[in-house]
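Take a look at the letters that make up each chain.
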Amino acid sequence: LLAAGEMIAPLPNDGRHMDEPEHYWTLLSSLDAETMEIRWQLWVDGNMDNLVTDYTGKYAGASCYNSERGMTLAEKMGSERDWAVFFNIPAIEAAVAAGDYTTIGDSRIPVVDGRGADKGGSKYTLYVPIPRSPHGINATPDKKYVVVSGKLSPTVSVVEWSKVDDWFNGKISDPRDTIVAEPEVGLGPLHTTFD
């Protein structure tokens, strides 16, 4: 049993828990550009595929397929929606500076808990439901939007960066309210390009 506020540290992916999906997590790693050392990691629900950043360094986002934590194709494609997860970089770095993190095993790398997909996110993360197995996640050149393409959906979800900011500032409560359009483009495209 855990005390209030206590969390279970993620387990290393060493093959011991292959039949226990509750232990399937992902860690986002932040690297120091000068030393290439890992500065911190963020523990998230599901997996992550591709990553995009905004143009300010405040937010990053990743596509997530297999939110079901499945091991077979049928299990991985069970949900109508997976998500894109957005990261509040200043909040994560403030948590590390304040000591609000755990570590894994004998590693000294700070691991901040960004789980919370069932609640839409945490103060560090925003989980935006995206139709079926999003893969591509690309920022628009005008610096206003990020588009998320599903592998198994004929749609592209258009998320507005300013609405991501609104969510983290408590101005909106439904993660889907960050989506401003969802045009149908047909099955097939995994990424979006701009001309």
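Keep in mind that this is a model prediction, so the values were computed, not measured. (Residues numbered from 1 in each chain as written. Predicted model: local features only at pLDDT ≥ 70, side-chain atom pairs only at ≥ 80, totals over all residues. Heavy atoms only, no water.)

1. Things to note about the pattern of salt bridges
Inference 1: Going through the model one piece at a time under the given rule, you end up with four salt bridges.
Inference 2: Here Asp 113 ties to Arg 115 by a salt bridge, and the two come within 2.8 Å at their closest N and O atoms.
Inference 3: Across the pair Arg 176 and Glu 182 runs a salt bridge, and its minimum N-O distance is 3.0 Å.
Inference 4: A relative accessible area of 28% places Glu 182 in the partly exposed class. (Salt bridge = Lys/Arg side-chain N within 4 Å of Asp/Glu carboxyl O. Buried < 20%, exposed > 50% of the residue type's maximum accessible area, 1.4 Å probe, protein only.)

2. Here's the deal with a nonpolar patch on the surface
Inference 1: A cluster of nonpolar side chains, contributed by Leu 31, Met 36 and Ile 38, occupies part of the molecular surface with about 270 Å² of accessible area.
Inference 2: Looking at the secondary structure, you find Ile 38 in strand β2 (residues 38-44). (Patch = residues over 30% accessible without salt bridge, like charges linked within 9 Å, V, L, I, M, F, W, Y side chains within 5 Å. Areas by Shrake-Rupley, 256 points an atom, 1.4 Å probe, with all protein chains shown as cover. Helix = DSSP H or I, 4+ residues; strand = E, 2+ residues; numbered from the N terminus.)

3. Considering the pairing of β2
Inference 1: Burial within β2 is extensive, with five of its seven residues counted as buried.
Inference 2: Of the pairings in the sheet, the one linking strand β1 (residues 26-31) to β2 comprises six bridges and is antiparallel in character. Bridge assignment links Thr 26 to a residue of β2, and that residue is Val 44.
Inference 3: Here β1 folds back onto β2 in antiparallel fashion, the turn holding six residues, of which Met 36 has a positive phi close to 60 degrees.
Inference 4: Note that β2 and strand β6 (residues 111-113) share three bridges and pair parallel. Counterpart to Gln 41 in the pairing with β6 is Val 111. (Pairing = 2+ DSSP bridges.)

4. Section: the sheet that holds β2
Inference 1: Strands sit in the order β1-β2-β6 across an open sheet of three strands; the sheet is mixed. Strands at the two margins of the open sheet, each flanked by one partner only, are β1 and β6. Averaged over all pairs of adjacent strands, the angle between their axes in this sheet comes to 25 degrees, without regard to strand direction. (Axes fitted to C-alpha atoms, helices over the stretch in contact; angles between N-to-C directions.)

5. With respect to unusual backbone geometry
Inference 1: At Met 36, a position not held by glycine, the phi torsion is positive, near 60 degrees.
Inference 2: For Met 36, the position within the fold is in the loop between β1 and β2.
Inference 3: With phi around 70 degrees, Lys 143 is a residue other than glycine that occupies positive phi space.
Inference 4: Within the secondary structure, Lys 143 sits in the loop between β8 (134-139) and β9 (145-150).
Inference 5: Given a relative accessible area of 51%, Lys 143 falls into the exposed group.

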